[in-house]
Amino acid sequence: MQVTQVVQAFESLGNSSRERTGMSCFVPEQLRRFTKETLRARPVRPFDVQEVLRRIHLCEGMTVLAVDIGGDKITAADFSVLHGRVELSNHVLTVQGDNGVGYLAALREVADSAQRRGIPVGISFAGPISGTRLNAAPNMPFFAKELQAGYGGDFANLFWKLELANDAEAGIMAATLEAARRYPDSSGVIYLINGSGLGGAVLTDATIYAAEPGHIEVAAQFNDFDGFAQRKQCGLDGATYVCIEAVAASKAGVEDIWHQLTGKRLTGRQISLRFLDGDELARSVYLNSARITAHAIRGMGAAFGLFQKGGQPVVIGHGGIFEVPGYGALVGEILGRDLAAAARILFTKDFSGNTCLEGAAIAVMAGYA
Ligand SMILES: [Zn+2]
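Here's a quick rundown of the structure. Along each chain, residues carry numbers from 1 onward, in the same order as the chain's sequence is written. A pLDDT threshold of at least 70 governs which residues receive local features in this predicted model, and a stricter bar of 80 or more applies before side-chain atom pairs are shown or counted, although totals over entire chains, interfaces and linings include all residues. Think of the side-chain values as coming from all heavy atoms in the structure, minus any hydrogens and water.

Glancing now at the pattern of salt bridges. For salt bridges, the criterion is a side-chain nitrogen of Lys or Arg within 4 Å of an Asp or Glu carboxyl oxygen. Across all of its chains, the model carries 15 salt bridges by this definition. Note that Arg54 and Glu51 form a salt bridge whose closest N and O atoms lie 3.0 Å from each other. Taken together, the positions of Arg54 and Glu51, both in helix H3 (residues 49–58) and 3 residues apart, correspond to about one turn of that helix. Under the scheme applied here, a residue whose accessible area is under 20% of the maximum for its type counts as buried, over 50% as exposed, and between as partly exposed, the area being computed with a 1.4 Å probe on protein chains only. Here Arg54 falls in the partly exposed class, since its relative accessible area comes to 46%. Note that Glu51 is salt-bridged to Arg55, the shortest N-O span being 2.9 Å. Placement of the pair is Glu51 and Arg55 together in helix H3, with a separation of 4 residues, close to one helical turn. A relative accessible area of 25% means that Glu51 is categorised as partly exposed. Looking at Arg55, the relative accessible area reads 26%, which means it is partly exposed. Connected through salt bridges with shared partners, the residues Arg45, Glu163 and Glu169 form a single ionic network. A helix here means a DSSP run of H or I that spans at least four residues, while a strand means a run of E at least two residues long, and both kinds are numbered starting from the N terminus.

Right under this line is the structure:
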């Protein structure tokens, strides 16, 4: 990809959003739909960043084993504390598996290695959990079945010393340490995931909150593609409205709308290449997505009072859509128009090879094991 192409693509996204919306890009009708209730926000873990940093320093030289259990692969690596930072020190394994095939065998190998070496394990899991148990695994049914049959669905029956975190929780832990390094005075952290779906988490008052920003009802003006509208119902807790995920997420939104409008199934990466080639439909779908993503960030921040009294939370974007040239910068620009200073926005792709894996290691280091 040519550098000039990327710059032009970014400028065309930025310009057209200015043309259409004037200075402020926020639509009150969409913004006020974000409340702690509609976000289904719930506290999941204490996380006092100064205390965690202190503990990490005390762990200098210590090694833990971190595991990332994702929808398409499982990865394990050793992490050690070096000069006060939690760093990957040894890759252990990566197993690709459709529906979680092969995951349990890989986990047994990891468990043996950890036990042999007497080191604790942190796991990031892409699905709902409670304590050390897996609640559901829609992306990896085969693994869920195997873990249930062999270990009663409880990771604690497989590992001698274990810390389990949901992937958004693990991600925000790693992101928060980076945020604290760059902006020590921030009013909190908003972690926004846009990939296969649209999710997130918030850190405020030394507590991590899980949230479901993707399942907020979309405002009509963000669901209009030259007369075509997404009709896919949300379905979460029986909701029949169209949620922002079905319009703005890389896979559930952009790829799905592209398929409905063109009859062709393309990956997000292929659609983003069309966008770079000047395709008008690709541009309008990404532009709409970026505006909704900005609303989700602003809406989560507002629900938690993070923008009040000049407060500046750090926003962290995670997920495949932020690989689209100009997308993250545009989200930052939209956010910045309503703030006194430029938005504090970071992208995990710029500072972490695998944010969930890192977060799993931090969870153990933080001493919650
Ligand atoms: Zn939904």
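What follows concerns the sheet that holds strand E4 (residues 85–96). We call two strands paired when DSSP finds no fewer than two bridges between them. Strands sit in the order E4-E3-E2-E5-E8 across an open sheet of 5 strands; the sheet is mixed. Each edge of the sheet is formed by a strand with only one pairing partner; in this case those strands are E4 and strand E8 (162–166). Within this sheet the neighbouring strands show an average axis-to-axis angle of 20°, counted without direction. Pairing geometry for strand E2 (residues 63–69) and strand E3 (residues 73–82), over 7 bridges, is antiparallel. By the bridge assignment for E3, Leu65 is matched with Asp78. Interaxial angles span 0 to 180 degrees and are taken between N-to-C directions of axes, which are lines fitted to C-alpha atoms, for helices over the stretch in contact.

Here strand E13 (residues 344–347) shows a buried face lined by Arg344 and Leu346 and a second buried face lined by Ile345 and Phe347. Relative to E13, strand E12 (residues 314–318) runs parallel, the two sharing 4 bridges. By the bridge assignment, Val314 is partnered in E13 with Arg344. The handedness rule is simple: strands pointing away from the viewer, and a clockwise path from the first strand over the helix to the second, make the crossover right-handed. Handedness of the crossover is the feature at issue here: the chain leaves E12, passes through helix H11 (residues 327–336), returns alongside E13, and the resulting connection is right-handed.

This part is about the coordination of the zinc ion. Protein ligation of the zinc ion involves His215 (ND1), Cys234 (SG) and Cys243 (SG), the donor distances falling in the range 2.0 to 2.3 Å. In this description, a donor is an N, O or S atom within 2.8 Å of the metal centre, a cutoff extended to 3.2 Å for sodium, potassium and calcium. Water is not part of the atom list, which can make sites seem incomplete. The motif formed by the donor residues of the zinc ion, counted along the single chain, is H-x18-C-x8-C. Of this pair, His215 sits in the loop between strand E11 (207–211) and helix H7 (245–248) while Cys243 is found in the loop between E11 and H7, placing the two residues 28 residues apart along the sequence. The residues His215 and Cys243 share a single accessibility class, namely buried.

For the rest of this paragraph, the subject is the sheet that holds E13. With mixed pairing, the 6 strands of this open sheet are ordered in space as E1-E11-E10-E9-E12-E13. In this open sheet, the two edge strands, each paired with only one partner strand, are strand E1 (42–46) and E13. Adjacent strand axes in the sheet meet at a mean angle of 20°, parallel and antiparallel pairs treated alike. Seen against the sheet, helix H10 (residues 280–303) touches strand E9 (189–194), strand E10 (198–204), E11 and E12 and runs at an angle of roughly 150° to E9. Residues count as neighbours in contact if any of their non-hydrogen atoms are within 4.5 Å of one another. The strands touched by H11 within the sheet are E9, E12 and E13, with E13 carrying the most contacts at an inclination of about 165°.

Looking now at the packing of helix H4 (residues 103–117) against helix H5 (residues 141–151). At a minimum axis separation of 9 Å, H4 and H5 run at an interaxial angle of 55°. If you check the angle between H4 and H5, you find them oblique. Judged by residue contacts, Tyr103, Leu104, Leu107 and Arg108 of H4 engage Phe143, Glu146, Leu147 and Tyr151 from H5. Each angle receives one of four descriptions, namely roughly parallel if under 35 degrees, roughly antiparallel if over 145, roughly perpendicular if within 65 to 115, and oblique otherwise.

All right, on to the packing of aromatic side chains then. Each aromatic pair joins two rings of Phe, Tyr and Trp (for Trp, the six-membered one) with centres within 6.5 Å, and gets the label stacked for planes under 30 degrees apart, edge-to-face for over 60, and tilted for any other angle. Scanning the entire structure with this criterion turns up 8 aromatic pairs. An aromatic cluster is defined as three or more aromatic residues linked by ring pairs; in this entry it consists of Phe275, Tyr286, Phe322, Tyr327 and Phe347. The residue whose ring lies beneath Arg298 is Phe26, and the NZ or CZ to ring-centre distance is 5.8 Å. The rule for a charge over a ring is simple: NZ of Lys or CZ of Arg within 6 Å of the ring centre, and within 35 degrees of the ring normal.

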